[in-house]
Amino acid sequence: MRDSHPQALFDVLEGSLATSSNTLQAIQRNAKAIIKLNRAVKGLLPAEIKPMCRVANYRNNIVVIEVANASWMTRLNYEKLNLLSALRMSILPSLSSIDIRINPDLMRKSQQNRSINKQVVPSTQKMNERQISTQTALTLLKLAENSPKGLKERFERLAALAGESTSTTNRKD
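Residues numbered from 1 in each chain as written. Predicted model: local features only at pLDDT ≥ 70, side-chain atom pairs only at ≥ 80, totals over all residues. Heavy atoms only, no water.

### Examining the environment of F155
Then step 1. Position of F155 relative to the elements: it lies in helix α6 (residues 149-160).
Then step 2. What makes F155 buried here is its relative accessible area of 16%.
Then step 3. Spatially, the C-alpha atoms of F155 and A144 are 5.7 Å apart, while their sequence positions differ by 11 residues.
Then step 4. Contact partners of F155, with chain neighbours within four places excluded, come to L140, L143, A144 and S147. (Helix = DSSP H or I, 4+ residues; strand = E, 2+ residues; numbered from the N terminus. Buried < 20%, exposed > 50% of the residue type's maximum accessible area, 1.4 Å probe, protein only. Contact = heavy atoms within 4.5 Å.)

### Topic: the packing of helix α5 (residues 134-145) against α6
Then step 1. The N-to-C vectors of α5 and α6 enclose an angle of 165°; their axes lie 8 Å apart at closest approach. As summarised for this structure, α5 and α6 are arranged roughly antiparallel, according to the angle between their axes. With respect to the hand of their crossing, α5 and α6 are arranged in left-handed fashion. Contact residues: α5 offers A137, L140, L141, L143 and A144, while α6 offers K152, F155, E156, L158 and A159.
Then step 2. Looking at the contact of α5 with α6, its residues break down into eight nonpolar, no polar and two charged. (Axes fitted to C-alpha atoms, helices over the stretch in contact; angles between N-to-C directions. Parallel < 35°, antiparallel > 145°, perpendicular 65-115°, else oblique. Left-handed = near helix turned anticlockwise from the far one by under 90°. Nonpolar A, V, L, I, M, F, W, Y, C, P; charged D, E, K, R; others polar.)

These figures come from the coordinates and say nothing about function on their own.
Structure (C-alpha cells):
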C-alpha cells in the first residue's frame, strides 16, 4: 500500500476489464455506442434542438432520446420520421423506433451553462458603456446648480455619462 502510486483511470479500467467478467466490458461497449449514437443524432438535428436533447439509451432496437421539456418534445416529434430514416440509412439499419422522454435536468444544465457564459465578460469589453445625450447632460447640470450637495453630485455624475464635452470642468459659464 505505501509503495503504491497514482494510476490513470484508463489503465485501471483496462486492467479490470482483462481480469473481470464480461459485465464491465459490456457496459463500456454500450457507453461507447451511446456516445457515438448521440453524436450522430445531434449531427442530424437542427441547431436549436441540439442543446436540449441527448441520447439516453439504445436497447431492443429502440433509441431513447431525452429532451428538456414538453415543447422540445413536440418539436422533436416533428423531426422524428426524418431522424429515424436517416439513422437507419447511416448507422442503425435495425432501428425500429425512437422513444422520446422528458428529462428536466437537461433544462437546468443548459440554464446553468448560460448563466456561466453570461458571467464571463470579455476583457476587451468596457464595463460602463452607458451614454446619455448632450442635451440631457446639460439639463442635469442646470438641475444640479439649484440642488443640495448630495443630489448635485449625483446629477453631475449622470451628466458625465454624456462624455467630456459636458463635464463641469470643461464647461464655460
